[in-house]
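Per-entry structural report
Listed below, chain by chain, are the residues.
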Amino acid sequence: MNDIEIIKKDIKNKNYIKAEAELKKLILINPENFQYHLLLGFVFEKKNKYKKAIDSYENAKKIKVDETVLTFLSNIYVKVLNYDKAFSEFELLIKINNKNPISFNNFGLLLVAKKKENESIKFFQKAISLDANYKDAKYNLLEILEKNNKINIFKKTIIHQIKKFPDDMILKYYYAVYLNLKKKNEEAIKILEEINFSNYLNNWEFRRLNLIAKIYDEIQNYHKAFSLNNAANKFLIKNFCTKSFNEKKYYKKLENYLSILKKIKQKKIKNKKNSLVFIVGFPRSGTTLLDSILSSHSMIQVIEEKPFIEKTISILNNEDKINCQNLNTTLLQKNYMTLVQNHIGSQNLSKKIIVDKMPLNLIYLRAINIIFPGAKVIFCMRHPLDTILSSYFQNFVLNEAMVNFLDLKRTAEIYSLSMEIFSSYDCLQSDNFMMIKYENLVTNFEKELKSICNFIGIKKEKNMIEFYKNIQNKTRVRTASYNQVNKPLYQSSIYKWKNYQKELFPIMHIVQKWILDFGYNIK
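Residues numbered from 1 in each chain as written. Predicted model: local features only at pLDDT ≥ 70, side-chain atom pairs only at ≥ 80, totals over all residues. Heavy atoms only, no water.

What follows concerns the overall build of the protein. Secondary structure summary: the protein contains 31 helices and five strands in total. Against the globule reference of 24 Å for 523 residues, the protein gives a C-alpha radius of gyration of 26 Å, in line with a compact fold. Counting only C-alpha atoms and orienting by the principal axes, one finds that the protein spans roughly 80 × 60 × 45 Å. Every one of the 523 residues in the protein was classed for burial, and the buried ones make up 52%. Within the protein, counting contacts between residues at least 6 apart in sequence, those at least 24 apart form 68% of the total. Of the roughly 25700 Å² that the protein leaves accessible, carbon and sulfur atoms contribute 49%. The average position of the 85 basic charges and that of the 52 acidic charges among the side chains of the protein differ by 3 Å. (Helix = DSSP H or I, 4+ residues; strand = E, 2+ residues; numbered from the N terminus. Rg over C-alpha atoms; globule rule 2.2 N^0.38 Å. Buried < 20%, exposed > 50% of the residue type's maximum accessible area, 1.4 Å probe, protein only. Contact = heavy atoms within 4.5 Å. Areas by Shrake-Rupley, 256 points an atom, 1.4 Å probe, with all protein chains shown as cover. Lys, Arg positive; Asp, Glu negative; His and termini not counted. Charge placed at Lys NZ, Arg CZ, Asp CG, Glu CD.)

With that out of the way, let us pick up the nonpolar core. In this structure, Tyr-173, Phe-278, Phe-379, Tyr-415 and Met-419 are the most contacted members of the largest nonpolar core, which totals 148 residues. If we ignore the near neighbours within four places in the chain, the residues touching Phe-278 are Ile-309, Tyr-336, Asp-356, Ile-368, Phe-372, Ala-375, Lys-376, Val-377 and Ile-378. Ranked by size, the runner-up nonpolar core spans 28 residues in total, among them Leu-294, Val-302, Leu-441 and Ile-458. (Core = buried A, V, L, I, M, F, W, Y, C linked by side-chain atoms within 4.5 Å.)

Under the defined criterion, the tally for this structure stands at 23 salt bridges. Note that Glu-305 is salt-bridged to Lys-357, the shortest N-O span being 2.8 Å. Of this pair, Glu-305 sits in the loop between strand S2 (300-304) and helix H18 (308-312) while Lys-357 sits in strand S3 (residues 353-357), placing them 52 residues apart in sequence. What makes Glu-305 partly exposed here is its relative accessible area of 29%. Overall, Lys-357 belongs to the buried group, its relative accessible area being 0%. Taken together, the shared-partner salt bridges connect Glu-20, Lys-24 and Lys-47 into one network. (Salt bridge = Lys/Arg side-chain N within 4 Å of Asp/Glu carboxyl O.)

Glancing now at the sheet that holds S3. Here five strands make up an open sheet; going across it, the order is S2-S3-S1-S4-S5 and the pairing parallel. A single partner strand is all that each edge strand has here, and the edge strands are S2 and strand S5 (433-437). Between one strand axis and the next, the sheet turns through 20 degrees on average, direction left out of account. As defined by bridge partners, strand S1 (residues 276-280) adjoins strand S4 (residues 376-381) across four bridges and the pair is classed as parallel. Pairing of Phe-278 across the sheet is with Val-377, part of S4. (Pairing = 2+ DSSP bridges. Axes fitted to C-alpha atoms, helices over the stretch in contact; angles between N-to-C directions.)

Here we come to the environment of Ile-436. Secondary-structure assignment places Ile-436 in strand S5. By relative accessible area, which is 2% here, Ile-436 ends up buried. A sequence separation of 16 residues divides Ile-436 from Ile-452, and the C-alpha atoms of the two residues are 8.3 Å apart. Leave out the neighbours within four places in its chain, and Ile-436 touches Ile-378, Phe-379, Cys-380, Met-381, Leu-441, Glu-448 and Ile-452.

For helix H5 (residues 67-79), which comprises 13 residues, the first-to-last C-alpha distance of 18 Å matches the rise-based estimate of 18 Å (1.5 Å per residue) to within 8%. Inspection of H5 places Val-69, Leu-70, Leu-73, Ser-74, Ile-76 and Tyr-77 among the buried residues, and these make up the whole buried set. Tucked inside the fold, the buried residues of H5 contact helix H3 (34-46), helix H4 (50-63) and helix H6 (83-96). If you check the start of H5, you find a side-chain oxygen 3.3 Å away from the backbone N of Thr-68, and it comes from Asp-66. (Expected span 1.5 Å × (residues − 1). Polar contact = N/O pair within 3.5 Å; in protein donor to acceptor, adjacent residues only side chain to side chain.)

Turning to the pairing of S3, a few remarks are in order. Among the five residues of S3, five are classified as buried, and the element is accordingly described as predominantly covered. Residues Ile-353, Val-355 and Lys-357 of S3 are buried on one face, and the alternating residues Ile-354 and Asp-356, pointing to the opposite face, are buried as well. Sheet analysis places S1 next to S3, joined by four bridges and oriented parallel. Each residue of the ladder has a partner; that of Val-277, found in S3, is Val-355.

Relative to each other, H5 and H6 sit at 155 degrees, their axes nearing to 8 Å. Compared by their axis directions, H5 and H6 come out roughly antiparallel. Along this stretch, H5 crosses H6, giving a crossing that reads as left-handed. Along its contact with H5, which presents Glu-67, Leu-70, Thr-71, Leu-73, Ser-74, Asn-75, Tyr-77 and Val-78, the element H6 presents Tyr-83, Lys-85, Ala-86, Glu-89, Phe-90, Leu-92, Leu-93 and Ile-96. When grouped by side-chain class, the residues that make up the contact of H5 with H6 number ten nonpolar, three polar and three charged. (Parallel < 35°, antiparallel > 145°, perpendicular 65-115°, else oblique. Left-handed = near helix turned anticlockwise from the far one by under 90°. Nonpolar A, V, L, I, M, F, W, Y, C, P; charged D, E, K, R; others polar.)

Below, the discussion takes up the state of the cysteines. Considering all chains together, one arrives at zero disulfides under this definition. The thiol sulfur of Cys-453 is not disulfide-bonded, and the nearest other cysteine sulfur, from Cys-380, lies at 14 Å. (Disulfide = S-S within 2.5 Å.)

This is the structure in structure tokens:
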């Protein structure tokens, strides 16, 4: 057995330290050997030493440019979130071999990561055309078509694929999505209840349960809907996020913030002219609806749920984030605007009103008010029980905050802590603060829209009234509320909590104060 075969055996047995040492010796003897550098890069990658892995792959590429090294390079650049570098490697990879379906699928995934979902479609389609049995490309294509409102192509694709592969469980799931879109809910439920995702690694079982629950809600079997959402959330906690759920990081952070807030004496901030608008509110309170309306205006650029405020104040300790004493506001302003400019470009920054929509920034309003005196804040409010119920039912991308919404009681507790912090800020009395109630916006749209435009200082435009048409023609809304904002306003989501009064009774005592304080009824 030669040296390379021994090293490959070490790698297979996960003896990476020995493999690294041997490869380094071989490279000293023969620095122009392509395979040595390639394998060393692979070993570094397995040891999570990504910078060293990239250097080794690049050294291999200097010796020989082939599919293997380009594949490794493009994938590791994706792993370290260097999408521009990954993009270059994938482009070169496809030029070398335009018959490899895996390359086209991976390029599509990269475009999705770069927020270019519409551009990704043709690459998934190309991958499927090269290999009709390539499952991942089909699933990726269907996901992007449905999420980006390409409903006609989605329907055509799923009907074609389910005829060819009728036993594919994931295709069956997407076919149920199609049936639900067609309002053929009984057929959809029948298919979903026959699917078995027990052997699938990803969260397909959660998605299955979540979709059945959604359909049962639509057909007004509310007890069944709640039971299935509860089962879906428990499945997710047990199989994917037990540790993060039990750690309660975000919950503990809010408790810490609240204890700090109670100790400080706040000062009034003098307003200054500012072209920034911040949309805040608890998730599922109407922030995405307002975002969609405002983004239809020709003079407004909306930043959708980017943690720019969180990143800006990350240089501060927790106490300074809340009491905001002696802040270097010039530095903080510069850091924030750099993030914004990198995201939207300098041209939009100079010509448009910037609207930063990040719901849970409501806990940082004191900092926002001090760093940007004169910035306008729109607080979106919805009946607390509707907000909590919708958050509990929603399929969020899980992070330290959203993982709490997998439990109804925890969701109510997070809501109460957030509102306790929010309502303690004296800046809420400012002329630059406005509360919008979701219920009023939906039932009295023209009047509320006029008030919003007057508050921001813009003239109402026709596109704002027909905002849902603009949504259908633009890139996907990147939040959990897409399906609610790509259609005309509807009132069925108002006071939806009343359908679940029995299930919500155990948390009523946690949020009763806020229901009354914000002017809502308990019954």
